[in-house]
Amino acid sequence: MNEYVAKIGNNKYIINSDEFNEVKINGKTVKCEIQKITDKNYKVKLGNNIYQITTTKLTNGKRAFITGGHYFESNIRSLLEEKVNEHTGSLNKDESNKIIKSPMPGLVLKVNKKAGEKVKTGESLLVLEAMKMENNLKSLTDGIIKEIKVKTGTSVEKNETLIILE
Amino acid sequence: MIKKILIANRGEIAVRIIKACKEMNITSAVIYSESDKNALHVVEADEAYLIGKSPASDSYLNYKKIIKLAKKIKADAIHPGYGFLSENAAFIKEVEKAGIIFIGPNASTVELMGDKTSARKLMKKNKVPIVPGTTEPIKSVEEAKAIVKKIGLPVMIKASAGGGGKGMRKVDKMNELPEAIERAQNESLKAFGSSEVYVEKFIEHPKHIEVQILGDKYGNYIHLFERECSVQRRHQKVLEEAPSSSINNQIRKKITLAAINAAKACKYHNAGTIEFLYENKRFYFLEMNTRLQVEHPVTEFITGIDIVKEQINIASGKKLNIKQKDIKINGHAIECRIYAEDVDNNFAPSIGKVEYQKAPNGPGVRLDTGIQTNSEISIYYDPMLAKLITWANNRKDAVTRMKRALSEYHIAGVKTNINFFYWILEHKLFLDSSFDNNFLEKKFIPLTPGKWQKNTNVNYEKAIAVLGAFLLNEENKIHPVKLESNHLNQWESLKYE
């Protein structure tokens, strides 16, 4: 089932759904109907409540929502994106860009570099399959590969060290 | 006979005047600036003329061009709306000289009422209560001290030629007086070219109550009762209502009579508003606005009188045909000024394009709007988008109706102050009518940014989260999941199953 994370103000909502005739909101299942009125205006029925919602994309990647006289801005991401963002966020914080860790459990599909090779910021280091998606893991810094701890086919856990740069 | 009116304004008020013209079978012509070429008033008018570049000084304030155009297109009259040239005596003189009817008072009346001390003197002479203080500019600090001793502290030092808060100083202690006078004089000289200032008592907790009047060219006057506009931020009205729920019929009788006397005193003709400060069951003349006001629709709702049509009739020389005894207060009306602004960012204008709008409607709802989808909200003009007005049999129901109408009003593309009105409409002091002009400053401003937003309704948030997830899901069906294109982002999706 597809999983999404919506952050609105200080609240966080985890949404699970495939067809959006039924959704799980933070684990609780609710019947749902969504009707498109115009490009920017939708009718959402959740349980017995009906909401008319206007929404537009903002330039900062967020969406604006207007409903019932209220105005909200929200960041909505798939769970995968959310985890990656959290991960890169924490990486940036401790500046450990030279130790490449797995952002989530997955399977190494391909290793693009060899030990001793130079890498530049943004170059692909390896491809990891996670949540049914193939993800390119890129270097956040210039450097030389010191050690590669995994190979094609390795299953990795979250936060497991994959590659060390120097 | 007026057959064609040139409307020297823009936005919702230009559209409002066009509607009166249509009902009276008068041709409406408007001016527009370069940035307003797609504006609603241009679409709605019978004729529209590009007047100049976007800055107001080159367009809506450029009265030489405007008068030249009026002559060229053979307009019989010019309606100035509010703001821009509406209270510019020099403009009115030029219009009169050109043989065009100005839909408003004489230039001399505007001049008289524009000078604060001459207006105060005239009001005092005609038994209209003024705020205690001087009716002549002060000549010396000693003279000012003697007056302050008589009327008591705190006092305000105000510019005779003033307005908009310039050349104004509050004095709490006697030893502050000399410096305050000097600074007010300097400010006034810079802003208005005159250093004349006067002293008046500072009213600490006033309410703003104003009376709408109509006067024709034959000395007939009527009033259309009062409005209360105490919900203000920095002397800018935010929400207005009619009638005032703060005064009883006895006060109402006195204040409306005072307003009529004020209008008579300056031989006023046109629609006009006499503004008063009200505190402890006493009211004091503040100023007279010699034009149509932004908040005129609340009065139209409770009296059923079309003020713009009356203005046009008066200007064309007709006698007032409404009798005072036939005007009754019917129900209650509230107006919210809808602005493109970011309330939490110190009410900064929100500039941009209206991407989508859905207007409220239904029983007792009136929307005077100046925008449509794709309208540009530019830096050049006041960012008021529209006025939402509701009417009901009583104040409580008018409030309920306003909340309903606000909830139907969707504007996307710019930030608006729509949600801010819920804070006002649900505040205890607003509901029990005990608020005064300091209401927003004292109660709301300390709650910015953000803290005023009551625990937002979780149900709305859930609905938004679901819709957001749905839209992302739809996008991902077409395009694989995209991660943020930040170079610091290690992840890039290759394939989605």
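Calculation rules
Residues numbered from 1 in each chain as written. Chains lettered and ligands numbered in written order. Predicted model: local features only at pLDDT ≥ 70, side-chain atom pairs only at ≥ 80, totals over all residues. Helix = DSSP H or I, 4+ residues; strand = E, 2+ residues; numbered from the N terminus. Rg over C-alpha atoms; globule rule 2.2 N^0.38 Å. Buried ≥ 20, exposed ≤ 12 C-beta atoms within 10 Å, placed from the backbone. Core = buried A, V, L, I, M, F, W, Y, C linked by C-beta atoms within 7 Å. Contact = placed C-beta atoms within 7 Å. Domains from an automatic or database assignment. Pairing = 2+ DSSP bridges. Axes fitted to C-alpha atoms, helices over the stretch in contact; angles between N-to-C directions. Left-handed = near helix turned anticlockwise from the far one by under 90°. Nonpolar A, V, L, I, M, F, W, Y, C, P; charged D, E, K, R; others polar.

**Structural notes on the overall build of chain B**
Part 1: For chain B, the helix and strand inventory stands at 16 helices and 23 strands.
Part 2: Taken against the 2.2 N^0.38 rule, which gives 23 Å for 497 residues, the C-alpha radius of gyration of chain B at 25 Å falls within 12% of a compact globule.
Part 3: Counting only C-alpha atoms, chain B reaches 85 × 60 × 45 Å along its principal axes.
Part 4: Sorting the 497 residues of chain B into buried and exposed places 47% on the buried side.

**Observations concerning the nonpolar core**
Part 1: Within the largest apolar cluster, 141 residues are counted, with the highest numbers of intra-cluster contacts made by B:Phe276 and B:Val466.
Part 2: The element best represented in this core is helix 16 (residues 458-478) of chain B, accounting for 8 residues.
Part 3: Those residues in contact with B:Val466 that lie beyond four places of it in its chain are A:Ile15, A:Val23, A:Ile25, A:Cys32, A:Val44 and A:Leu46.

**Brief notes about the domain arrangement of chain A**
Part 1: Taken as a whole, chain A is organised into domain 1 (2-78) and domain 2 (96-165).
Part 2: Here domain 1 of chain A and domain 2 of chain A have C-alpha centroids that lie 34 Å from each other.

**What to know about the sheet that holds strand 7 (residues 63-67) of chain A**
Residues and elements named next belong to chain A.
Part 1: Pairing is antiparallel in the closed barrel, where 8 strands are placed in the order 1-2-3-4-5-6-7-8. Neighbouring strand axes in the sheet, compared pairwise and without regard to direction, differ in orientation by 35 degrees on average.
Part 2: In the sheet, strand 3 (residues 22-25) pairs with strand 4 (residues 28-38) via 4 bridges, with the strands oriented antiparallel. Bridge pairing in strand 4 links Lys-24 to Thr-29.

**With respect to the pairing of strand 8 (residues 70-78) of chain A**
Residue and element names in this part refer to chain A.
Part 1: Of the pairings in the sheet, the one linking strand 1 (residues 2-8) to strand 8 comprises 5 bridges and is antiparallel in character. Its bridge partner being in strand 8, Tyr-4 is matched across the sheet by Ser-78.
Part 2: Across 5 bridges, the pairing between strand 7 and strand 8 is antiparallel. Considered in strand 8, the bridge of Arg-63 is made with Ser-74.
Part 3: Where strand 7 folds back on strand 8, the antiparallel hairpin that results is connected by 2 residues, among which Gly-68 adopts a positive phi of roughly 55 degrees.

**Topic: helix 5 (residues 107-114) of chain B**
Part 1: Burial in helix 5 of chain B covers these residues: B:Thr109, B:Val110, B:Leu112, B:Met113 and B:Gly114.
Part 2: Along its buried surface, helix 5 of chain B packs onto helix 4 (89-97), helix 6 (116-125) and strand 13 (282-289) of chain B.

**What about helix 6 of chain B?**
Part 1: For helix 6 of chain B, the complete set of buried residues consists of B:Lys116, B:Thr117, B:Ala119, B:Arg120, B:Leu122 and B:Met123.
Part 2: Positioned one or two residues after helix 6 of chain B, B:Lys127 has a phi angle of 65 degrees, which is positive.

**Examining the sheet that holds strand 3 (residues 47-52) of chain B**
Residues and elements named next belong to chain B.
Part 1: If you walk across this open sheet you meet the 5 strands as 3-2-1-4-5, and the pairing is parallel. The open sheet terminates on both sides in strands that have one partner only, identified here as strand 3 and strand 5 (101-102).
Part 2: Pairing of strand 4 (residues 77-79) with strand 5, which is carried by 2 bridges, proceeds in the parallel orientation. Among the inter-strand pairings, Ala-77 is bridged to a residue of strand 5, identified as Ile-101.
Part 3: Across the face of the sheet, helix 3 (residues 63-72) comes into contact with strand 1 (4-7), strand 2 (27-33), strand 3 and strand 4 while running at roughly 150 degrees to strand 3.

**Some words on the environment of A:Lys101**
All names here are of chain A.
Part 1: Note that Lys-101 resides in strand 9 (residues 99-101).
Part 2: When the 18 C-beta atoms within 10 Å are taken as the criterion, Lys-101 is described as partly exposed.
Part 3: Separated by 63 residues in the primary sequence, Lys-101 and Ile-164 have C-alpha atoms spaced 8.9 Å apart.

**A closer look at the pairing of strand 3 of chain A**
Residues and elements named next belong to chain A.
Part 1: Side chains of strand 3 alternate between two faces, with Val-23 and Ile-25 buried and Glu-22 and Lys-24 left unburied.
Part 2: Of the strand pairs in this sheet, strand 2 (residues 11-17) and strand 3 are connected by 2 bridges, and their pairing is antiparallel. Within strand 3, the residue paired with Ile-15 across the bridge is Ile-25.
Part 3: The turn joining strand 2 and strand 3, which pair antiparallel and follow one another in sequence, is formed by 4 residues; a positive phi near 60 degrees is taken by Phe-20.
Part 4: Hairpin connection between strand 3 and strand 4: a loop of 2 residues separates the two successive antiparallel strands, and Asn-26 in this loop has a positive phi of roughly 45 degrees.

**Thoughts on unusual backbone geometry**
Residue and element names in this part refer to chain B.
Part 1: The omega torsion across Leu-153 and Pro-154 is -10 degrees, close enough to zero to call that bond cis.
Part 2: Take Pro-154: it is sitting in the loop between helix 7 (141-151) and strand 6 (155-163).
Part 3: Of note, the amide linkage connecting Ala-242 to Pro-243 takes the cis form, showing an omega dihedral of -5 degrees.
Part 4: Its location among the elements puts Pro-243 in the loop between strand 11 (236-242) and helix 9 (249-265).
Part 5: Located in the positive-phi region is Lys-127, a residue other than glycine, with phi close to 65 degrees.
Part 6: Structurally, Lys-127 is set in the loop between helix 6 and helix 7.
Part 7: Assessed through the 11 C-beta atoms surrounding it within 10 Å, Lys-127 is described here as exposed.
Part 8: Despite not being glycine, His-235 has its phi angle at roughly 65 degrees, a positive value.

**What to know about the packing of helix 7 of chain B against helix 8 (residues 177-192) of chain B**
Between two packed helices, what matters for the description is the angle formed by their axes and the separation of those axes.
Residue and element names in this part refer to chain B.
Part 1: In the contact formed by helix 7 and helix 8, the axes pass within 10 Å of each other and the chain directions differ by 115 degrees. Here helix 7 runs over helix 8; the crossing is right-handed. Facing helix 7, whose interface residues are Val-141, Ala-144, Lys-145 and Val-148, helix 8 presents Leu-177, Pro-178 and Ile-181.
Part 2: When grouped by side-chain class, the residues that make up the contact of helix 7 with helix 8 number 6 nonpolar, no polar and 1 charged.

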